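Reading the structure
So you can see what is in the structure, the chains are spelled out below.
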Amino acid sequence: QANIWEALRKESALRSLDLGSLSIKAQNGEVYLDGYLKEENLPLIENAIYSVVGVVEVHNHLRTNDGILADIWDALWKVDTFRSLDLGSLSIEVKGGEVYLNGYLAQENNRLLTENIVRSVTGVVAVHSHLILDRDLIIQVAQALAGDERIHPYILPVDSFHGWIHIGGEVPTCELQHRVEKIAGEVPGVRGVTI
């Protein structure tokens, strides 16, 4: 095991890598790799290990961020109702096994579903969810509009789909219409406003 670490440290192409994310165990000439690496570094690691005298086989259980990300998309794709409604509004990033979810969901139950599916993927160590529900945006926009004295007297139904806000009803002037658009557009998470 010590010889393997020494070989990895001597490999010039590997010096700049953070090898602290690797777990290496050697037993009877067999080497077991766990941890995280970028996809392009896997061959470098394996070649350096095979160069060590006494290594007969490498069991590579390394997870790459790209591999984890592909598994997450595959798992989400298999859920019909999610695929048809919310999948296209997601952004997913994986760093060192930690998953960052961003985007918009039309259905509230899809937030928990998404987080549970992501947690079930091998190699995921943490999930950071920044998913925005349309229902929450509707409430926030309606409250923002109701808090404006000039707009408060008018009935303006608010709807949202993946962060795009639609406001119904009527106001008597173009100035008030622009004010409605501005107030709604300033609510965090709103992607755009139509009236």
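Check the entry above for the structure.
Quick notes on the rules
Residues numbered from 1 in each chain as written. Predicted model: local features only at pLDDT ≥ 70, side-chain atom pairs only at ≥ 80, totals over all residues. Heavy atoms only, no water. Buried < 20%, exposed > 50% of the residue type's maximum accessible area, 1.4 Å probe, protein only. Helix = DSSP H or I, 4+ residues; strand = E, 2+ residues; numbered from the N terminus. Arc of directions from axis to C-beta. Contact = heavy atoms within 4.5 Å. Pairing = 2+ DSSP bridges. Axes fitted to C-alpha atoms, helices over the stretch in contact; angles between N-to-C directions. Right-handed = clockwise from strand over helix to strand, strands pointing away.

**Let's talk about helix 5 (residues 109-119)**
- For helix 5, the set of buried residues is N110, T114, E115, I117 and V118. One face of helix 5 carries all of its buried residues, which in axial projection span an arc of 165°. In helix 5, the exposed positions that point more than 90 degrees away from the buried face belong to N109 and L112.

**Here's the deal with the environment of S129**
- Among the structural elements, S129 can be located in strand 6 (residues 126-133).
- Judged by relative accessible area, which is 29%, S129 ranks as partly exposed.
- Between the C-alpha atoms of S129 and V171, which are 42 residues apart in sequence, the distance is 37 Å.
- Beyond its immediate chain neighbours, meaning those up to four positions away, S129 contacts L101 and E115.

**Notes on the sheet that holds strand 8 (residues 164-167)**
- Strand order across the open sheet formed by three strands is 7-8-9, with mixed pairing between neighbours. Strand pairing shows two members of the sheet lacking a second neighbour, strand 7 (158-161) and strand 9 (192-194), which therefore form its edges. Across the sheet, the mean angle separating the axes of adjacent strands is 25° when strand polarity is ignored.
- In the sheet, strand 7 pairs with strand 8 via four bridges, with the strands oriented antiparallel. Bridge assignment links V158 to a residue of strand 8, and that residue is I167.
- Those strands touched by helix 6 (residues 134-146) are strand 7 and strand 8, and its axis lies near 145° from that of strand 7.

**Thoughts on the environment of H128**
- Mapped onto the elements, H128 comes out in strand 6.
- The spatial distance from the C-alpha of H128 to the C-alpha of W5 is 32 Å, given a sequence separation of 123 residues.
- Other than its neighbours up to four places away in sequence, H128 contacts E98, V99, Y100 and L101.

**Notes on the pairing of strand 6**
- By the bridge criterion, eight bridges tie strand 5 (residues 98-105) to strand 6 in an arrangement that is parallel. Bridged to Y104 within strand 6 is I132.
- As for the winding sense of the linkage, the β-α-β connection from strand 5 through helix 5 to strand 6 is right-handed.

**As for the pairing of strand 8**
- Side chains I165 and I167 project from strand 8 onto a buried face, and the interleaved W164 and H166 project onto a face without burial.
- Hairpin geometry of strand 7 and strand 8 is characterised by an intervening segment of two residues between the two adjacent antiparallel strands and by a positive phi of about 50° at H162.
- Where strand 8 and strand 9 come together, three bridges link them in parallel fashion. Within the sheet, the bridge partner assigned to I165 lies in strand 9 and is V193.
- Tracing the backbone out of strand 8, into helix 7 (residues 174-185) and back to the parallel element strand 9 gives a crossover that is right-handed.

Interpretation note: all reported values are geometric properties and have no functional meaning in isolation.
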